[in-house]
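# Remarks on the overall topology
What follows is each chain in one-letter form.
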Amino acid sequence: MVLNYIWIGFVLTAFVIGVVRLVFFGDTEVFPAMMASTFDSSKTAFEISLGLTGVLSLWLGIMKIGEKGGVVSAVARALSPVFVRLFPDIPKGHPVSGSIFMNIAANMLGLDNAATPLGLKAMEQLQELNKKKDTASDAMIMFLVLNTSGLTLIPVSILVYRAQMGASQPTDIFVPILLATFFSTLAGIIATSLYQRINLLNRVMLLALGGMCAVVAVVIWGFSRLDSLTMNTVSTSVANILLMCIIVCFIIAGMRKRVNVYDAFIEGAKDGFSTAVRIIPYLVAILVAIGVFRASGAMDWLIQAIEWLVGWLGMDSNFVGALPTALMKPLSGSGARGMMVDAMSTYGADSFVGRLACIFQGSTDTTFYILAVYFGSVGIRHTRHAVTCGLLADLAGIVAAIFIAYMFFG
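These lines cover the structure that appears in this document, whether it is placed above or below. It should be emphasised that the depicted structure is a prediction, and the values quoted were computed from it without experimental measurement.

About the thresholds
- Residues numbered from 1 in each chain as written.
- Predicted model: local features only at pLDDT ≥ 70, side-chain atom pairs only at ≥ 80, totals over all residues.
- Heavy atoms only, no water.
- Helix = DSSP H or I, 4+ residues; strand = E, 2+ residues; numbered from the N terminus.
- Rg over C-alpha atoms; globule rule 2.2 N^0.38 Å.
- Buried < 20%, exposed > 50% of the residue type's maximum accessible area, 1.4 Å probe, protein only.
- Contact = heavy atoms within 4.5 Å.
- Areas by Shrake-Rupley, 256 points an atom, 1.4 Å probe, with all protein chains shown as cover.
- Lys, Arg positive; Asp, Glu negative; His and termini not counted.
- Charge placed at Lys NZ, Arg CZ, Asp CG, Glu CD.
- Axes fitted to C-alpha atoms, helices over the stretch in contact; angles between N-to-C directions.
- Parallel < 35°, antiparallel > 145°, perpendicular 65-115°, else oblique.
- Left-handed = near helix turned anticlockwise from the far one by under 90°.
- Nonpolar A, V, L, I, M, F, W, Y, C, P; charged D, E, K, R; others polar.
- Phe/Tyr/Trp six-rings, centres within 6.5 Å; stacked < 30°, edge-to-face > 60°.

Across its full length, the protein holds 18 helices and zero strands. Relative to a compact globule of 410 residues, whose C-alpha radius of gyration would be 22 Å, the protein shows 22 Å and is just as compact. Overall size of the protein, expressed as C-alpha extent along the three principal axes, is 70 × 45 × 40 Å. A burial count over the protein gives 53% of its 410 residues as buried. Intrachain contacts of the protein at a sequence separation of at least 6 include 79% that bridge at least 24 residues. Looking at the protein as shown, the accessible area adds up to about 18400 Å², and 66% of this sits on carbon and sulfur atoms. When the 26 positive and 23 negative side-chain charges of the protein are each reduced to one mean point, those points stand 14 Å apart.

This is the structure in structure tokens:
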């Protein structure tokens, strides 16, 4: 229901602004641009789904081997003390706990191509436990918020973009991104727990969250001692080595259990194609609405209004130039990436705005894209508090990014 209102809001707002620009400013190009965006966005949605087909087939096949080999169940048992409290509706030791962990781990390592198939597999398993098939369960919402909060330990792609844009020290935003994304994730967990009345003030959860803080601190300390070239090499190598180790471990586990590994892979891979087809309508819907909203000029007007308000309040408005990246990130990953590159091109890669745009890009994830794809893959229509909690996590990440940027670069 929430996505329905948001979708209608994007389209109607774009139409109203288009009429205003045509009638009052004589802009005859606005409606052709809006219509062109509908076709371009529809094509993009299909291309994304088509591109996901192969990756989905690969990773759902690997996950099927892991399931039959017992690896996923073993991970689920190891995580059960934390997951029982964070996901109280999931039975202790259920395989979905392992799938959720694999997805979160892939996201933390910046392995988007692996994270999406693993996340879709987790959603299918959560749907099996869901009593109301058209309504998001508490466990689904907590899982989605963990995804939309965008916890990332190794933001390789952002570092590469900064290097390409001529930054004197491409890695100088590494620590700020880690801090901002951590606050975003923490806010998402707290907000969702409050909605679902989950008690986080117990020894297990405090130790788990404290452990997360320790891991982030160790990663920050370790990578801060490396130069930019070494950091990029090490982070990329570690991510790919871990990914290959997962594949090999799953295959070995399947062999030990005397599983026909090839047949298990084919069985899982077949699900990848059907999943990719199912998400096409949901992707088309959300991307068309976002495309029309952007083409109408609504995003530009929103930024100008914020800049006026900040100036009227007598606050420093230096951060406003980077806001298009922050506002676009929940809507479109590629759009936010383009905004980030544009900010670095306009203001300079080493400018305050250029650095802040990079921190925005790394602090959260594409909330509406994730909701559309993940919920769409299992036919969820009623999202309950998923959008609210996801956007609260995004807001926390944006606010944290601004304060952290001023602390490091202001």
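Having seen the model, we can carry on.
Attention now moves to the environment of isoleucine 370. As for its placement among the helices and strands, isoleucine 370 is situated in helix H17 (residues 367-377). Isoleucine 370 gets classed as buried once you look at its relative accessible area, which sits at 6%. Sequence spacing of isoleucine 370 and glutamine 169 is 201 residues, and the spatial spacing of their C-alpha atoms is 32 Å.

What follows covers the packing of helix H8 (residues 174-196) against helix H18 (residues 386-409). The geometry of H8 relative to H18 is characterised by a closest axis approach of 8 Å and an angle of 150° between their N-to-C directions. Regarding the angle of H8 to H18, the classification is roughly antiparallel. Judged by the sense of rotation from one axis to the other, the crossing of H8 with H18 is right-handed. Contacts between H8 and H18 involve Val175, Pro176, Leu179, Ala180, Phe183, Ser184, Ala187, Gly188, Ala191, Thr192 and Tyr195 from the former and Thr388, Cys389, Leu392, Ala393, Asp394, Ala396, Gly397, Ala400, Ala401, Ile404, Phe408 and Phe409 from the latter. For the contact of H8 with H18, the residue count by class is 17 nonpolar, five polar and one charged.

Considering all chains together, one arrives at nine aromatic pairs under this definition. Ring geometry for phenylalanine 25 against tryptophan 301: centres 6.4 Å apart, planes inclined by 75°, an arrangement best described as edge-to-face. Placement of the pair is phenylalanine 25 in helix H1 (residues 2-25) and tryptophan 301 in helix H13 (residues 298-312), with a sequence separation of 276 residues. Look at phenylalanine 25 and you get exposed, because its relative accessible area is 60%. Using a relative accessible area of 35% as the deciding quantity, one classes tryptophan 301 as partly exposed. Each member of the aromatic cluster is reached from another via a ring pair, and the members are Phe10, Phe293 and Phe368.

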